[in-house]
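If you want the building blocks of each chain, they are given just below.
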Amino acid sequence: MKKITIIGSGTMGNGIAHVFALHGYPVSLVDVSAGALEKAMQTIAGNLDRMIKKELITPEKKERALSAIRTFTTIDRATEDAGLVVEAVSEDPELKLSLFRQLDDLCPPDTILASNTSSISISRIAAATKRPEKVVGMHFMNPVPVMKLVEVIKGYATSGETCAAVMELAQNLEKIPVAVNDYPGFVANRILMPMINEAIYAVHEGVAGVKEIDTVMKLGMSHPMGPLQLADFIGLDVCLSILRVLFDGFGNPKYAPCPLLVNMVTAGVLGVKSGAGFYSYENGTKDAPVAGRFRN
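Because the structure is a prediction, the values reported are computed rather than measured. (Residues numbered from 1 in each chain as written. Predicted model: local features only at pLDDT ≥ 70, side-chain atom pairs only at ≥ 80, totals over all residues. Heavy atoms only, no water.)

## Remarks on the packing of helix α11 (residues 236-250) against helix α12 (residues 259-266)
Relative orientation of the contacting elements α11 and α12 amounts to 130 degrees, with a least axis distance of 9 Å. Relative to α12, the element α11 is oriented oblique. Regarding α11 and α12, the two cross each other, and that crossing is left-handed. Here Leu-236, Asp-237, Cys-239, Leu-240, Leu-243 and Arg-244 of α11 come into contact with α12, specifically with Leu-261, Val-262, Met-264 and Val-265. Of the residues belonging to the contact of α11 with α12, the class tally is 8 nonpolar, no polar and 2 charged. (Axes fitted to C-alpha atoms, helices over the stretch in contact; angles between N-to-C directions. Helix = DSSP H or I, 4+ residues; strand = E, 2+ residues; numbered from the N terminus. Parallel < 35°, antiparallel > 145°, perpendicular 65-115°, else oblique. Left-handed = near helix turned anticlockwise from the far one by under 90°. Contact = heavy atoms within 4.5 Å. Nonpolar A, V, L, I, M, F, W, Y, C, P; charged D, E, K, R; others polar.)

## Observations concerning the sheet that holds strand β8 (residues 176-181)
With respect to topology, 8 strands assemble into an open sheet ordered β3-β2-β1-β4-β5-β6-β7-β8, the strand pairing being mixed. Among the strands making up the open sheet, the edge pair consists of β3 (69-72) and β8. Across this sheet, the average inter-strand angle for adjacent strands is 25 degrees, counted without regard to direction. Bridging between strand β7 (residues 149-154) and β8 involves 6 bridges; their strand directions are parallel. Counterpart to Leu-149 in the pairing with β8 is Ile-176. In the packing of helix α2 (residues 34-53) onto the sheet, the strands contacted are β2 (27-30) and β3, and the crossing angle to β3 comes to about 160 degrees. (Pairing = 2+ DSSP bridges.)

## Remarks on helix α5 (residues 93-106)
The end-to-end C-alpha separation of α5 is 20 Å, in line with the 20 Å expected for 14 residues at 1.5 Å each. Buried residues of α5: Lys-96, Leu-97, Leu-99, Phe-100, Leu-103 and Asp-104, and no others. Looking down the long axis of α5, one finds its buried residues gathered within 165 degrees of arc, a one-sided arrangement. Of the surrounding elements, those touching the buried residues of α5 are β1 (4-7), α4 (75-78), β4 (84-87), β5 (112-115), α6 (122-126) and β6 (135-140). Two to three positions downstream of the cap, the backbone nitrogen of Glu-94 sits 3.1 Å from a side-chain oxygen, assigning the N-cap of α5 to Asp-92. (Expected span 1.5 Å × (residues − 1). Buried < 20%, exposed > 50% of the residue type's maximum accessible area, 1.4 Å probe, protein only. Arc of directions from axis to C-beta. Polar contact = N/O pair within 3.5 Å; in protein donor to acceptor, adjacent residues only side chain to side chain.)

Shown next as structure tokens:
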């Protein structure tokens, strides 16, 4: 896979582009917004600067990585000769299906099409193409430059050769790939999201306050971040979307989103991205629960 195309330049997309470029792969980064692409390149440059300060890379390696990334606002030119396309757009099933139909028409027949989806069925995405054997999940963890895990999701029709190629590629990125089968939430979010949802229920029912719940999980379970703060970091809208996929996929009430989470997302309270969630981020802090909002 000589050339990598990344669709979507948001938090996940620019992180994935960063990692590929840093490991010597030519990258085409695509977004409909030129402004979003400019912001993404600034983010990548800033993250590379942090790596320089930690003496993980040299300034020369930073410049090589940045020069390896080309940006595009249309897909057609960006997918020419692509060995792998990684989709990293928002968790909207219809958007992903439409995009994969388009990629199937544009990309060479041997191009592998991967989705960074955190919960949507790879089998469903693959069925929108004429190459389901070459469609796979490549679920990076956030922040991509730091986190080692990549879930490699095999859809119903994904070939063993496709999975093996993506597993090897992830190892070339100094990641640790784990192969999983295509069921709602895969492994990471099938386990993580019910925990986050239960923590939100504990707030909703007045069992304890936000900081108290997170403190219990950090000190009692050795979690580096409490589930409520983690939910803010992931995005409460993303958490809600994944829980709905789990609930719809399994039909089990244990995956039903907490009403508090639904209300917060409906009100536009999304966590870090909106400046507030269970914690306030407006003054540069991430340790102050939103005053007066939640019961103790």
